[in-house]
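# Structural overview
Letter by letter, the chains look like this.
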Protein chains: 2
Amino acid sequence: MRKIPGGVTAAKGFKAACCAAGIKYQGRTDMALIVSDTPCAVAGTFTKNLVKAAPVVWDQQIVYQEKTARAAVVNAGIANAATGEKGLALCADTAEAAGQMLGISPKTVLLGSTGVIGPQLPLERLRDGLKQMVPALSDSLEAGTAASKAIMTTDTVNKEFAVAFDLPAANGEGAVTVRLGGMSKGSGMIHPNMCTMLGYITTDCRIEQALLQKALSDVVRDTFNMISVDGDTSTNDTLLLFANGLAENAPIAQEDESYEAFRAALFSVCRDLAVKMAGDGEGATHLMEMRVYHADTRENARTLAKAVICSSLVKAMVFGKEANCGRILCALGYAGPAFDPAKIELYLNGEKDTVCFYRDGCVQDFDEEQALAILSEKAVRFSCDMKMGTEEATAWGCDLTYDYVKINGDYRS
Amino acid sequence: MRKIPGGVTAAKGFKAACCAAGIKYQGRTDMALIVSDTPCAVAGTFTKNLVKAAPVVWDQQIVYQEKTARAAVVNAGIANAATGEKGLALCADTAEAAGQMLGISPKTVLLGSTGVIGPQLPLERLRDGLKQMVPALSDSLEAGTAASKAIMTTDTVNKEFAVAFDLPAANGEGAVTVRLGGMSKGSGMIHPNMCTMLGYITTDCRIEQALLQKALSDVVRDTFNMISVDGDTSTNDTLLLFANGLAENAPIAQEDESYEAFRAALFSVCRDLAVKMAGDGEGATHLMEMRVYHADTRENARTLAKAVICSSLVKAMVFGKEANCGRILCALGYAGPAFDPAKIELYLNGEKDTVCFYRDGCVQDFDEEQALAILSEKAVRFSCDMKMGTEEATAWGCDLTYDYVKINGDYRS
């Protein structure tokens, strides 16, 4: 597997476009379109929030029932959440418009929205946006990058990543190159449960839909579901994976080596996008990573790691470059899983040095200057040796800053 | 029942003192002592954090096994948490010293510590503090107030409250007055699970220890356990209730009318102290209240109310006086309990006016100026009609501010 340039247009047969539809933001693009040349198997994971935005309801019907799709229409600025029947009707109208212009069934058009909860989306602007985007569709890498910028809200950087790997060819003659790339957005209200704010991944791999969904659900647990910016699970979380099969690999129909290669590539893309989202949390100045290892179960490792990166006190401490490891210990203690506080060991892991914070039931003396140097790195990494078993998990978050408060005290206006 | 002045010395036979022991803070009191003239039935609730501070371990032994006590020694500045065997030995030494000076068994001396996690407490300073406090013990209301100030850390105001109520006299001749008063501290790392940071309540009521514990455990669920400042459950949470029986009421030995009167008085004191802690959250500029009513079960009402006051996005919105009700809806949606988003109604409740935010599945149009006026009140109150049943619960928190980040980015130093 190797990293390649690009995002949603890295794989064969995917085109993208974007435009400034003027939905809420002015002077920037705010709408994106992704289209596959041929029908795709589609997999998705969605918010577990009981309050689901209208596009989530729309997408779930297609992913769970139709299981194939051709296109995704995404807007930033307004979330189309808490919009009642009118919001749902708007989804049908948008898909209808896109379907007509693209010459495909509206039931193959997925929708995504992100932004403020409450207001209705203006259908005419969405239609005008589609009219601009359809003739501009391009399979260039730049078109994918432009799309990843158009779906940003409070994000400060766009997020895309792509990999290539080889699989046996369908015609039996050697190997073919398969590509998998994606984009995502998300900066606040980020505490994905099943998936993240908005993420779109495309691949030219030929793979059965059931395995596509299985790989996505598996990988999400250790990537998008392991990040948190503020503990708030959005009403709009949507992650979609399109596979059009144009790489002409021998179809993946069981959990064999090819499936594992595909799964590893998917993990790589999802982890990269997830970590980028965590590091670009609203107002963040540091990416924060917590690795829990030698745990008794994977689920406990995940729960412990996530408790630490969600702790407001740990997040504020990372902002202040304070080596107050008692807060990490405290978060592990209230996380839920059982462990012996007298046995575990806590570390601060710098690029070069490692500092032991806590061992044998006591906070350790450590070199404050060395700790400050490590806490000044852009990515701040903690780890905990549970001394219980062989499982591990890593969670990613960001620090809690003045700017998070500023951004969220003044978001709607 | 009526509010009376004072706190831990409001009830008959309780004395208090405090001193500047110089444990960490300079130029202020940082140590308090509460003593009952006679043995007390004692009840307590403690942190459910797996990492328990040494004084919590010490107190649990006394409350769960001895069930009687005479005194409490409390310090601010250092938490005596993550201090291993040495921290536990210090508890025994402190209780021994207090017991000797007071002429009581060390097994009747409860301990409480709050402050930074990690460092060891200096025994000599604790001993010197006790030497100052024992001769200064006083049953004046001022002594109780001074004690409530000595246990503060990042608190900006001291917290005490007391009530009096009448119960049948033990001698059968009419009624006697029973008094119940308490103090508490807590401002950060406040997300009590079983009780809050540190709270001490005294009463001269005569009541069996089992009923004392039952009343405390019941009341805590709807008071201290319904507040949150930052979602972080401390290693030191301790709430103790001392009953010395000096009011000479007919002993409460069953769940009769007298028990209910006692329980109501206890609820009143616990709620007042809990709400004061929520409103004095680190950096807070607003108290935030969320009332959930017409819920299907009490537990679901509690869970829903608490999710809203814990949401970083709702907290930041209250700081910014933003009427972004989608965030409240979002928090209810990820809280866990099932409900129909199309049926519930959300309100902003001002002292005079009420604004309906959300109804019939849609965010409602409302008067922005009216909402801004209500959001500018010191206590910001939201409510949600679940339209499912008859249960209700209220949770209290505070807004998320620049100062919370500042305080916690720079706490240890």
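Residues numbered from 1 in each chain as written. Chains lettered and ligands numbered in written order. Predicted model: local features only at pLDDT ≥ 70, side-chain atom pairs only at ≥ 80, totals over all residues. Heavy atoms only, no water.

## Description of the overall build of chain A
When helices and strands are counted, chain A shows eleven helices and 15 strands. A compact globule built from 413 residues would reach a C-alpha radius of gyration of about 22 Å, and chain A, at 22 Å, matches this within 12%. By its C-alpha atoms, chain A is 70 × 60 × 35 Å across when sized along the principal axes. For chain A, the residues scored as buried account for 63% of the 413 residues in total. Only carbon and sulfur atoms are counted for the fraction: they give 49% of the accessible area of chain A, which is about 14,200 Å². Counting 40 positive and 50 negative side-chain charges, chain A places the centres of these two groups 4 Å from one another. (Helix = DSSP H or I, 4+ residues; strand = E, 2+ residues; numbered from the N terminus. Rg over C-alpha atoms; globule rule 2.2 N^0.38 Å. Buried < 20%, exposed > 50% of the residue type's maximum accessible area, 1.4 Å probe, protein only. Areas by Shrake-Rupley, 256 points an atom, 1.4 Å probe, with all protein chains shown as cover. Lys, Arg positive; Asp, Glu negative; His and termini not counted. Charge placed at Lys NZ, Arg CZ, Asp CG, Glu CD.)

## Focus on the sheet that holds strand E14 (residues 379-385) of chain B
Residue and element names in this part refer to chain B. Here we have six strands laid out as an open sheet, ordered E13-E12-E11-E14-E10-E15, and mixed in their pairing. If you trace the sheet from one side to the other, it starts and ends with strand E13 (362-363) and strand E15 (391-398), each paired once. Strand direction decides the pairing type here: strand E10 (residues 287-295) and E14, joined by seven bridges, are parallel. What sits directly across from Met-290, in E14, is Phe-382. Along the sheet, helix H7 (residues 298-310) makes contact with E10 and E15, crossing E15 at roughly 20°. (Pairing = 2+ DSSP bridges. Contact = heavy atoms within 4.5 Å. Axes fitted to C-alpha atoms, helices over the stretch in contact; angles between N-to-C directions.)

## Quick look at the pattern of salt bridges
Across all of its chains, the model carries 39 salt bridges over all chains by this definition. Taking the shortest distance from any N to any O, the salt bridge between A:Glu124 and A:Arg127 comes out at 2.7 Å. Residue A:Glu124 and its partner A:Arg127 are located together in helix H3 (residues 123-133), separated by three residues, close to a single helical turn. Using a relative accessible area of 46% as the deciding quantity, one classes A:Glu124 as partly exposed. By relative accessible area, which is 29% here, A:Arg127 ends up partly exposed. Residue B:Asp222 pairs with B:Arg298 through a salt bridge whose shortest N-O separation is 3.2 Å. A residue pair is termed long-range when its members are at least 10 positions apart, and B:Asp222 in helix H5 (residues 209-222) and B:Arg298 in helix H7 qualify at 76 residues. On the basis of relative accessibility, which here comes to 37%, the residue B:Arg298 falls in the partly exposed class. (Salt bridge = Lys/Arg side-chain N within 4 Å of Asp/Glu carboxyl O.)

## Notes on the interface of chain B and chain A
Of the residues lining the interface, 55 residues belong to chain B; the matching set on chain A comes to 55 residues. In total, chain B and chain A occlude about 4,300 Å² of area from one another, counting both sides; carbon and sulfur atoms represent 61% of this. Our count for the chain B to chain A interface comes out at zero salt bridges. Elements with a contribution of two residues or more to the side of chain B that touches chain A: helix H8 (312-319), helix H9 (326-334), E13 and helix H11 (402-409) of chain B. Considering only residue class, the side of chain B that touches chain A consists of 27 nonpolar, 19 polar and nine charged. (Buried area = accessible area lost by both parts, 1.4 Å probe. Nonpolar A, V, L, I, M, F, W, Y, C, P; charged D, E, K, R; others polar.)

## Quick notes on the relation of the copies chain B and chain A
Expressed as a screw operation, the relation of chain B to chain A combines 0.0 Å of axial shift with a rotation of 180°, fitting to an RMSD of 0.0 Å. On this basis, the relationship between the two copies can be described by a two-fold rotation axis. If distances are taken from each C-alpha of chain B to the rotation axis, the shortest is found for B:Tyr402, at 2.5 Å. Looking at chain B, 100% of its interface residues are interface residues in chain A too, so the copies touch through the same face. (Least-squares fit on C-alpha atoms with pLDDT ≥ 70 in both.)

## A few points about the packing of aromatic side chains
Within a pair of aromatic rings, the relevant descriptors are the distance that separates the centres and the angle that separates the planes. Following the criterion strictly, the structure yields eleven aromatic pairs over all chains and no others. A centroid spacing of 5.3 Å and a plane angle of 80° characterise the contact between A:Phe319 and A:Tyr402, whose relative ring orientation is edge-to-face. On the criterion of sequence distance, the pair formed by A:Phe319 in helix H8 (residues 312-319) and A:Tyr402 in helix H11 (residues 402-409) is long-range, its members being 83 residues apart. Among the aromatic residues, those joined into a ring-pair cluster are A:Phe319, A:Tyr402, B:Phe319 and B:Tyr402. Cation over ring: A:Arg28 sits above A:Tyr25, and NZ or CZ is 4.1 Å from the ring centre. Directly above the ring of B:Tyr293 sits B:Arg291, whose terminal nitrogen or CZ lies 4.4 Å from the centroid. (Phe/Tyr/Trp six-rings, centres within 6.5 Å; stacked < 30°, edge-to-face > 60°. Lys NZ or Arg CZ within 6 Å of the ring centre and 35° of its normal.)

## Remarks on unusual backbone geometry
Residues and elements named next belong to chain A. You will see that His-294, though not glycine, has its phi angle at about 55°, which is positive. Among the structural elements, His-294 can be located in strand E10 (residues 287-295). According to the relative accessible area criterion, His-294 is partly exposed, its value standing at 35%. A positive phi angle, near 55°, is found at Asp-360, a position not held by glycine. Look at Asp-360 and you get exposed, because its relative accessible area is 58%.

## Things to note about the environment of B:Asp403
The topology assignment puts B:Asp403 in helix H11. Residues B:Asp403 and B:Glu282 lie 121 residues apart in sequence; the distance between their C-alpha atoms is 7.2 Å.

## Focus on the sheet that holds strand E11 (residues 345-349) of chain A
Residue and element names in this part refer to chain A. Read across the open sheet, the six strands follow the order E13-E12-E11-E14-E10-E15; overall the sheet is mixed. This sheet does not close on itself; its edge strands, each paired only once, are strand E13 (362-363) and strand E15 (391-398). In terms of strand pairing, E11 meets strand E12 (residues 354-359) through four bridges, oriented antiparallel. Its bridge partner lying in E12, Leu-348 is registered against Val-355.

## Points about the pairing of strand E9 (residues 238-243) of chain A
For a regular strand, side-chain orientation follows a simple rule: the groups alternate between the two sheet faces. Residue and element names in this part refer to chain A. Most of E9 sits inside the fold, with six of its six residues counted as buried. Because side chains alternate across E9, one face comprises the buried residues Thr-238, Leu-240 and Phe-242, and the other comprises Leu-239, Leu-241 and Ala-243, equally buried. With helix H5 (residues 209-222) bridging strand E8 (residues 198-203) and its parallel neighbour E9, the resulting β-α-β unit is right-handed. (Right-handed = clockwise from strand over helix to strand, strands pointing away.)

## A word on the environment of B:Ala136
All names here are of chain B. By the element assignment, Ala-136 lies in the loop between helix H3 (123-133) and helix H4 (141-150). Take Ala-136: its relative accessible area is 43%, and that puts it in the partly exposed class. Along the primary structure Ala-136 and Lys-149 are separated by 13 residues, whereas in three dimensions their C-alpha atoms are 16 Å apart. Leave out the neighbours within four places in its chain, and Ala-136 touches Ala-16 and Ala-17.

## What to know about the confidence of the model for chain A
Residue and element names in this part refer to chain A. Summarising the model, chain A shows a mean pLDDT of 92, and 97% of its residues fall at 70 or more. For chain A, the element scoring lowest by mean pLDDT is H11, at 83; H3 scores highest, at 98. Reported confidences for the modelled complex are a pTM of 0.83 and an ipTM of 0.81. (pLDDT = per-residue confidence, 0-100.)

## Some words on the state of the cysteines
Counting across every chain of the model gives zero disulfides over all chains. The thiol of B:Cys91 is not disulfide-bonded; the next cysteine sulfur, from A:Cys362, is found 13 Å away. Free of any disulfide, B:Cys330 has its nearest neighbouring cysteine sulfur in B:Cys325, separated by 11 Å. (Disulfide = S-S within 2.5 Å.)

## Details of H4(B)
Residues and elements named next belong to chain B. Turning to H4, its buried residues number three or more, namely Ala-143, Gly-144, Ala-147, Ser-148 and Ala-150. Summarising the axial view, the buried residues of H4 lie within an arc of 160°, below the 170-degree limit, and thus occupy one face. Along its buried surface, H4 packs onto strand E2 (14-19), strand E3 (31-46), strand E4 (68-78), strand E6 (159-168) and strand E7 (175-185). (Arc of directions from axis to C-beta.)

## Remarks on the side chain of A:Asp385
Residue and element names in this part refer to chain A. Residue position: Asp-385 is located in strand E14 (residues 379-385). There is a polar contact of 3.0 Å between the side chain of Asp-385 and the backbone nitrogen of Lys-387. Not counting residues up to four positions away in its chain, the partners in contact with Asp-385 are Tyr-293, His-294, Ile-344 and Glu-345. (Polar contact = N/O pair within 3.5 Å; in protein donor to acceptor, adjacent residues only side chain to side chain.)

## Brief notes about H5(B)
Residue and element names in this part refer to chain B. With 14 residues, H5 ought to run about 20 Å at 1.5 Å a step, and its terminal C-alpha atoms sit 21 Å apart, in line with that. Counting buried residues in H5 gives ten out of 14 residues, a clear majority hidden from the surface. Of the surrounding secondary structure, the elements contacted by the buried residues of H5 are E3, helix H1 (54-66), strand E9 (238-243), helix H6 (257-279), H7 and E15. (Expected span 1.5 Å × (residues − 1).)

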